[in-house]
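Remarks on the overall topology
One-letter residues, chain by chain:
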Amino acid sequence: MTGSRILGILAVLFAILLLISSSAFMVREQELALRVQIQKIIGKDYKPGLHFKVPFIDDVVRFDRRVLTRKFDGEQFLTSESQGLTIDYYIKWRILDAEQFYLATSGGDDGRAESLVGQNIQNGIKNAVAGRTLKDIVISDRQEVTGEFMARSSEELQKLGIQLIDVRIQRIDLQEDVAARVYESMKQSFEGIAKTQRGEGDRESQIVRAGAERKKTELIARANADAQRIRGEGEAAAAAIYAAAYNRNPEFYSFYRSLQAYRNSLGQDRDLLVISPDSDFFRYLKSPAPARR
């Protein structure tokens, strides 16, 4: 075999390999791919794996289907009071439809795509901030700000073949003089709220104390009335018992009462009684026999 023939065979093999390599393309798991002829899409929705195309005529355009993140630092916005704010935020998004994305971004230009997404979100934040005062921005939850435009932005970007994943505000800075005014205003506002709440608390406390004092007075008065009633009933019952005992045996009752008087009066230290010897007080001491009727 001559050298020229060997070279010819090698050239043919090389041409075959070149033709095969130009006719096949691989799509990875993290990719979306389109087959294009002169800016016209002729193939889409390729699953991961090996695919074929017309060599030297078809082009394959690939896109990253993973979640992409773009960070924006130092963006300027104005509140409803025309106070300037500097906001840092980031956007997470991914390509959802390769065909729509290709057409909307002038052939899949990544820079064009980032510009469209960034401008859409910037307008959303701008409108949300412009509808709030500086005080509202400072004290409100940042997710409330982004929540105002997320649904609308998601719908608009979906028309471009883009799925909006998340928008997060990381930092909000105020100018030094503006920040001082805002914090002073917030301080005065919170002090006013605290003063109002303390006043309401004191008023409620006085009402509670007055009610408790009134209930206390009513309970004591009711208890005293009940005590006097019970004491009166007891004294009436005792008087009735004494009367019944006297009527049953007057002499014994008189004798029993005299014994109680002797016990309470006689035999005590330094007692001095000035009583006539003929007094009835000494009647049972002289003679325990009952008096004749």
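What comes next is a walk through the structure. (Residues numbered from 1 in each chain as written. Predicted model: local features only at pLDDT ≥ 70, side-chain atom pairs only at ≥ 80, totals over all residues. Heavy atoms only, no water.)

1. Describing the overall build of the protein
Applied cut-off: Under the scheme used here, helices are H or I runs from DSSP no shorter than 4 residues and strands are E runs no shorter than 2 residues, and both carry numbers assigned from the N terminus. Three labels apply to residues, based on accessible area from a 1.4 Å probe with only protein chains included: buried if under 20% of the type maximum, exposed if over 50%, partly exposed otherwise in between. The contact criterion used is simple: two residues touch if any of their non-hydrogen atoms lie within 4.5 Å.
Helix and strand counts for the protein stand at 9 helices and 8 strands. Relative to its full complement of 293 residues, the protein shows a buried share of 25%. The contacts of the protein with a sequence gap of at least 6 include a subset with a gap of at least 24, amounting to 63%.

2. So, the pairing of strand E3 (residues 40–43)
For the record, the criterion: Here the rule is simple: two strands pair whenever DSSP picks up at least two bridges between them.
By the bridge criterion, 3 bridges tie strand E2 (residues 31–37) to E3 in an arrangement that is antiparallel. Looking at the pairing, Val 36 lines up with Ile 41 of E3. What sits between the antiparallel neighbours E2 and E3 is a turn of 2 residues, in which Ile 38 has the positive phi angle 50°.

3. Topic: the environment of Lys 159
For Lys 159, the location among the structural elements is in the loop between helix H6 (150–158) and strand E8 (162–174). When its relative accessible area of 60% is taken as the criterion, Lys 159 is described as exposed. Along the primary structure Lys 159 and Asp 97 are separated by 62 residues, whereas in three dimensions their C-alpha atoms are 9.1 Å apart.

4. Observations regarding the sheet that holds E8
How we decide: Only C-alpha atoms enter the line fits that serve as axes; for helices the fit covers just the stretch in contact. Angles between N-to-C directions range over 0 to 180 degrees.
On the basis of which strands lie adjacent, the open sheet formed by 3 strands has the order E6-E7-E8 and antiparallel pairing. Where the open sheet ends on each side, the last strands, each with one partner, are strand E6 (68–78) and E8. Going across the sheet, the axis of each strand differs from the next one's by a mean of 20°, ignoring polarity. The sheet contact formed by E6 and strand E7 (residues 84–95) spans 9 bridges and is antiparallel. Counted as the bridge partner of Gln 76 is Thr 86 from E7. The strands that helix H3 (residues 110–130) touches are E6, E7 and E8; relative to E7, the one it contacts most, it runs at about 135°.

5. Topic: unusual backbone geometry
The general pattern is negative phi for most residues beyond glycine and trans for most peptide bonds. One non-glycine residue, Ser 82, adopts positive backbone phi at about 65°. Residue Ser 82 is classed as exposed on the basis of its relative accessible area, which comes to 57%. Despite not being glycine, Ser 106 shows a phi value in the positive range, around 55°. Note that Ser 106 resides in the loop between helix H2 (98–104) and H3.

6. Remarks on the environment of Asp 136
As a reminder, the rule being used: By the criterion applied in these results, polar contacts are pairs of N or O atoms within 3.5 Å in which, for protein atoms, one can donate a hydrogen and the other can accept it, and in which residues neighboring in sequence qualify only through two side-chain atoms.
Along the polypeptide, Asp 136 turns up in helix H4 (residues 134–139). Residue class for Asp 136 comes out partly exposed when judged on its relative accessible area of 33%. Separated by 57 residues in the primary sequence, Asp 136 and Thr 79 have C-alpha atoms spaced 9.5 Å apart. Among the polar contacts listed, one links the side chain of Asp 136 to the side chain of Thr 133, at a separation of 2.9 Å.

7. Considerations on the packing of aromatic side chains
The way to describe two aromatic rings as a pair is by their centre distance and the angle between their planes. To be explicit about the condition: When the centres of two rings from Phe, Tyr and Trp lie within 6.5 Å, Trp using its six-membered ring, the rings pair. Their planes under 30 degrees apart give stacked, over 60 give edge-to-face, and anything left gives tilted.
Counting across every chain of the model gives 3 aromatic pairs. Seen in terms of ring centroids, Phe 63 and Phe 101 are 5.3 Å apart; in terms of plane orientation they differ by 80°. Their pairing is edge-to-face. Linking Phe 63 in strand E5 (residues 59–64) with Phe 101 in helix H2, this pair joins segments that are 38 residues apart in sequence. Across this residue pair, the class does not change: Phe 63 and Phe 101 are buried.

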